[in-house]
Amino acid sequence: MFKFFDVFKNFRSKWQMKRDLDNKEKEFKKLESSVNDLYKMIESVTERDKIVTMAKNELETIFDSINEYVIVVDCNDIIQRVNKPAASLINKNPSEILQTHISEHFNDFANLLGEIYECGNTNSEVKKTFYSKQFEKYFDCNIRRIINSEKDLICINIYQDVTNQKITEEIFNKIKETLSSEKFSDKEKIQEIDRLIKYK
């Protein structure tokens, strides 16, 4: 009878050990599953980070490759972003002029900011043609103010050099004046028009 109890005890002990092992195996599988899920999440986040980084790099490339001059300043007129074409206007790299005051490099462009500030603290936009003494050119530009809870930025987008067009307009207006003027003879009018065309 004692033998029976010993066998039963032994069997029960082995059965309990097996049950504990089974439970541990289940726990291990759960843990393994959690680790796998965590690994997949990390992989997913890493993949997302890679995609975000790639997108940022592509945007940087696009930002630098457009033929327009783009300068972004904060509400203190400090340059936060500038693309390569804009920086090349003053023979610099973008990194050399970041975090500097716009008037240090683009004085005429800095003067444009007053018009956007006159619109008040709102998202606003001003389009205009202006003459830059610094570069001796006429430019078409778009100045946009973007205000939200995180930032107050102004983007100056000089999208077209219209110097030739403006000079042509001025010459055309002077030719019209000359032709309608009564103080010139016909011969003098032709000479004046010829001089204006050669001047261009």
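Cut-offs used in this document
- Residue numbers restart at each chain and count upward from 1, following the sequence in its written direction.
- Local features in a predicted model are, by the rule used here, given only for residues with pLDDT of at least 70; side-chain atom pairs are given and counted only at 80 or more, and totals for whole chains, interfaces and linings are based on all residues.
- Working from all heavy atoms in the structure, the side-chain values ignore hydrogens and water.
- Two strands qualify as a pair provided DSSP detects at least 2 bridges between them.
- Only DSSP runs of H or I reaching four residues or more are called helices, and only runs of E reaching two or more are called strands; each is numbered from the N terminus.
- Throughout, nonpolar core names a set of buried Ala, Val, Leu, Ile, Met, Phe, Trp, Tyr and Cys residues whose side chains join them through atoms within 4.5 Å.
- Type-normalised accessible area, obtained with a 1.4 Å probe on protein chains alone, sets the label of each residue: buried when under 20%, exposed when over 50%, and partly exposed for intermediate values.
- Note on contacts: a residue pair is in contact if any heavy atoms of the two residues lie within 4.5 Å.

Chemist: Which residues make up the pairing of strand S5 (residues 152-161), and what values go with them?
Modeler: Two elements, strand S1 (residues 69-74) and S5, share six bridges in a ladder whose sense is antiparallel. Across the sheet, residue Tyr69 finds its bridge partner in S5, namely Ile158. Here strand S4 (residues 137-147) pairs with S5 via nine bridges, running antiparallel. Bridge assignment links Arg145 to a residue of S5, and that residue is Ile154. What sits between the antiparallel neighbours S4 and S5 is a turn of four residues.

Chemist: Residue-level account of the nonpolar core, with values.
Modeler: Residues Ile71, Ile102, Phe106, Phe109, Ile143, Ile156 and Ile158 are the most contacted members of the largest nonpolar core, which totals 25 residues. At five residues, the largest contribution of residues to this core is made by helix H4 (residues 107-117). Excluding its chain neighbours within four sequence positions, the residues that come into contact with Ile156 are Tyr69, Val70, Ile71, Ile102, Phe109, Leu112, Leu113, Asn142 and Ile143.

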